[in-house]
Each structure stands twice: as structure tokens, then as C-alpha cells.
Amino acid sequence: MDPLTSDQNGREAEQRKLRLQVLGLNSVEAEATFDRVARLAAAFTQAPLAMVNFINDERQMFRGMYVPPSSPDDHTAGEGRGIVFDLSDIAREAPSDYGFCPHVVAQGSQLALDDVFDYPRFRGNPLVNDMGVRSYLGTPLRDHTGMILGTVCVADVVARTWDRNLKEGMQELTQTLLSEFRLRDSLLAQQQELFAVFDGAPFPIMLTEGPEHLLRYANGKQGAAFGMVPQFSPGRHVLTGLDAVGVFNAMDEAFHTGRTTTLPHASITTYDSRAPQDFSFLCTPVRTSPQAPISGVLTVAMNAQQPYPGAEQQVFAANVQERFEQLGAAGFGGPIPGQQGGGAHYSR
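Residues numbered from 1 in each chain as written. Predicted model: local features only at pLDDT ≥ 70, side-chain atom pairs only at ≥ 80, totals over all residues. Heavy atoms only, no water.

## Some details on the sheet that holds strand S4 (residues 111-113)
Now for step 1: Read across the open sheet, the six strands follow the order S3-S2-S1-S6-S5-S4; overall the sheet is antiparallel. The sheet is open, and its two borders are formed by strand S3 (93-95) and S4, each paired with just one other strand. Averaged over all pairs of adjacent strands, the angle between their axes in this sheet comes to 25 degrees, without regard to strand direction.
Now for step 2: Of the strand pairs in this sheet, strand S1 (residues 49-55) and strand S6 (residues 148-156) are connected by six bridges, and their pairing is antiparallel. Counted as the bridge partner of Phe54 is Gly150 from S6.
Now for step 3: In this fold helix H2 (residues 32-45) packs onto S1, strand S2 (59-66) and S6, with an angle of close to 65 degrees to the strand it touches most, S2. (Pairing = 2+ DSSP bridges. Helix = DSSP H or I, 4+ residues; strand = E, 2+ residues; numbered from the N terminus. Axes fitted to C-alpha atoms, helices over the stretch in contact; angles between N-to-C directions. Contact = heavy atoms within 4.5 Å.)

Okay, structure coming up:
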């Protein structure tokens, strides 16, 4: 049976996807840490293409990438190798069975192809036809728990020998990312303290990730009012009542503009009341530092009948944003508890 399609590897892919979701790595957004590792890999091996590739059960996500700059005046790791094509617009994602990285993950060991044409199994791979790849070196990317999350890989357009020094160097470079994964996990205790504040809040709160507003957390008030839904599900599709009154449009604006957005009046029938309730929604973009890209949106709902003025709602959101920034570069991207504390979270 093909190792890429076995039931065992299917289960492992699902587990890997969950782990990537917990670590905040289950998307295609570039990260400086991984781009830096890709540049180092390209420089070390003198290869024109390098990637830090995370793989789930649906796609590959190149959160770290080095490709030849499009300007001929730029100096590159592969200068002088006669590269005549431009990869500067290469996509940061691919199907889960594309290229050679899925084979590295499936077999759990380094894969060195000095000349792809020497291997009938690999020479017909779309990567060869689409990008002219002739040689490849991929190393499993493991986290500190031992789970394979993807690969660190390099590729060239000419046949070449990946000698022992290059292979060992790539393994050592991959090891440098262990501290990144360990840091993300170490933030869990701090995040639990932050979410304990959410649990005790007297108004609905939800925290979403990315442009699809994947639901990472909700407190008890949110679940009681608007419904309990699975963690990591796309909010717009599972919270249709909130979508119907424009909440997710406001969240879209907050995420894409980087500015706090308010939906001042929304009438919605909640699960804990038979009569429609009037709410205002404050949508605050979340980032881990003032310079970091927006990671998600914190949405706080305030019932018009509750004795909590809008100013207090904004102060609360501002305090939460400050706490996220204090958690550091992996704060929002780190693991977010699904069943911690006293509140009602999305995964039960």
C-alpha cells in the first residue's frame, strides 16, 4: 500500500493538523522566524529554493520560504548557477500530495534525491515539470514532543550530490526550531490565566483566528447566548445568527484594517432568552506585538440592558490586547486551551 494513502498515515495527518492548529501554524501566513531558517538553508546548501513546510491532512503550508529574488542586481545564495526563471511569485501552499515533502513526512526520515531522474517513483512528480526541480533534500521537522509537523527542504534545478555534511547540517538547522515550538507550548500556562479572566466576564466574548475567523475560544456567556460550536470551526458558518446581523462583517473590517470596529446596534434572539436582545459588538484586532501582523479578532458583546457602559467594554478589550502583546511573539499563535478553566469553551 502506498505510504501516502495508508489509514495509519491518514490518522497521523489528522493528529498533525490538530497539533498545528494548537500551535497556530495551520495556515499559510509567512513568519519571519521560518523565512530566516529557509534563507539559512539556501545559503548553507547553495540551493536556489528552500522552504519550511508544515503539512496537514489537506495541504502543505510554506510558512518559511526562500526563492531567488526577481531583480538581477540582487545577490542570492544561488548566484552564478545560471538560474533563468523567476520563482518570486510562488504560492505559499500546495496540495498535500504535491512534491517530495509528503514522502519525507510519511517515511519519517530524511530524503536525498541527487538526481530525480534516477528514481522512477519521483521523476514524474509535478514538481519536476512545474518548476524544473532536478534534485531535492528534505528533512523531517519535528516539535519537541517528537511529532513530525512537516519538513525543512531545499531543491535545485541541476543534479547534484547532497553529501554527508549537507545532510547533517540540514538536520542541525531543523533542530534549531525546537525552541520555537517549545516556546509556544510554554505560553499555555500564561494563556490559561488570561482566559480565566474571560471565563469570569459577565458578557459574551469570543476569540477568533485568521481571516476565516476560526473559533479558538469562547467564554460561558458566549456559549449560553449564541450557541456552543466546535473549536477551530469557521465562525461565519457555525454562528449564522451572528453573521445575519452583521457581526462577522464588522470582524472582517477589524481584521483587514487593523482598527477596532463597532457594531453599535444588533437585535438577535439568543439561546438563553425567548425575546430578541439588543447588543453592541466591539471587534478588536489582536496582534502579539505592535509590529506583528494581525492574528485574529477579539469580539466582546454587550447587552443594552446590562449596566456596563461602552467605555468599560473598550477598556476591557484594550487590556486584553495589552496582555496578548506581553505574551510575546508566539502569544496568540501559541496553544489555546480548549477545556481549561471554569468557562464554556468551544471544544467540549
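## A short note on the environment of Val245
Now for step 1: Mapping Val245 onto the fold places it in the loop between helix H11 (240-244) and helix H12 (247-257).
Now for step 2: The sequence separation of Val245 and Ile268 amounts to 23 residues, and the corresponding C-alpha distance is 7.4 Å.
Now for step 3: Every residue in contact with Val245, bar those within four places of it in the chain, is listed here: Leu263, Ala266, Ser267 and Ile268.

## Considerations on the nonpolar core
Now for step 1: By size, the foremost hydrophobic cluster in this structure holds 25 residues, and its most contacted members are Val52, Phe54, Val154, Leu177 and Phe181.
Now for step 2: Looking at this core, the elements with two or more residues in it are helix H1 (7-23), H2, S1, S2, strand S5 (135-142), S6 and helix H6 (164-175).
Now for step 3: For this core, the element with the most residues is H2, which contributes five residues.
Now for step 4: By size, the runner-up hydrophobic cluster in this structure holds 24 residues, among which are Ile55, Tyr98, Val128 and Met131. (Core = buried A, V, L, I, M, F, W, Y, C linked by side-chain atoms within 4.5 Å. Buried < 20%, exposed > 50% of the residue type's maximum accessible area, 1.4 Å probe, protein only.)

## Some details on the pattern of salt bridges
Side chains that carry opposite charge are capable of pairing whenever their charged atoms lie near each other.
Now for step 1: Under the criterion given, the structure shown has 13 salt bridges.
Now for step 2: For Glu58, the salt bridge is made with Lys17, and the minimal N-O distance between the two is 3.4 Å. A residue pair is termed long-range when its members are at least 10 positions apart, and Glu58 in the loop between S1 and S2 and Lys17 in helix H1 qualify at 41 residues.
Now for step 3: Since its relative accessible area comes to 51%, Glu58 is described here as exposed. (Salt bridge = Lys/Arg side-chain N within 4 Å of Asp/Glu carboxyl O.)

## Quick word on the packing of H2 against H6
Now for step 1: Where H2 contacts H6, the axes come no closer than 11 Å and their chain directions differ by 165 degrees. Taken as axis vectors, H2 and H6 run roughly antiparallel relative to one another. Considering the relative orientation of H2 and H6, their crossing is right-handed. Contacts from Val37, Leu40, Ala41, Phe44 and Thr45 of H2 reach H6 at Asn165, Leu166, Gly169, Met170 and Leu173.
Now for step 2: Split into classes, the residues belonging to the contact of H2 with H6 amount to seven nonpolar, three polar and no charged. (Parallel < 35°, antiparallel > 145°, perpendicular 65-115°, else oblique. Left-handed = near helix turned anticlockwise from the far one by under 90°. Nonpolar A, V, L, I, M, F, W, Y, C, P; charged D, E, K, R; others polar.)

## Some details on H12
Now for step 1: The set of residues buried in H12 consists of Val247, Phe248, Ala250, Met251, Asp252, Ala254 and Phe255.
Now for step 2: For H12, the secondary structure elements touched by its buried residues are strand S7 (205-209), helix H10 (235-238), H11, strand S9 (261-269), strand S10 (276-286) and strand S11 (296-303).
Now for step 3: Where H12 terminates, the next one or two residues include Gly258, which has phi positive at roughly 80 degrees.

## Some remarks on the pairing of S2
Now for step 1: When you tally the buried positions in S2, you get seven out of eight residues, the bulk of the element.
Now for step 2: Relative to S2, S1 is paired through six bridges, and the arrangement is antiparallel. Within the sheet, the bridge partner assigned to Phe54 lies in S2 and is Met61.
Now for step 3: From the end of S1 to the start of S2, which pair antiparallel, there are three residues.

## Comments concerning the sheet that holds S7
Now for step 1: The strand order across the open sheet built from five strands is S8-S7-S11-S10-S9, with neighbouring strands paired in antiparallel fashion. Of all strands in the sheet, those with a lone pairing partner are strand S8 (214-218) and S9, marking the two edges. Looking at each pair of strands side by side, their axes are set apart by 30 degrees on average, direction ignored.
Now for step 2: Note that S9 and S10 share seven bridges and pair antiparallel. In the strand pairing of S10, Ile268 is matched with Gln277.

## Details of H6
Now for step 1: With twelve residues, H6 extends 17 Å from end C-alpha to end C-alpha; this agrees with the ideal 16 Å at 1.5 Å per step.
Now for step 2: Residues of H6 that are buried include every one of Leu166, Gly169, Met170, Leu173 and Thr174, and no others. The arc that holds the buried residues of H6, viewed along the axis, is 140 degrees, so those residues lie on one side. Away from its buried face by more than 90 degrees, H6 exposes Arg164, Asn165, Glu172 and Gln175. (Expected span 1.5 Å × (residues − 1). Arc of directions from axis to C-beta.)

## Examining the confidence of the model for the protein chain
Now for step 1: Overall, the prediction assigns the protein chain a mean pLDDT of 81, with 77% of residues at 70 or greater.
Now for step 2: This stretch, residues 72-86, has a pLDDT under 50; its non-local contacts, to residues over four places away or in other chains, come to 19 contacts.
Now for step 3: The low-confidence segment residues 328-348, where pLDDT is below 50, has 80 contacts with residues more than four positions distant or belonging to other chains. (pLDDT = per-residue confidence, 0-100.)

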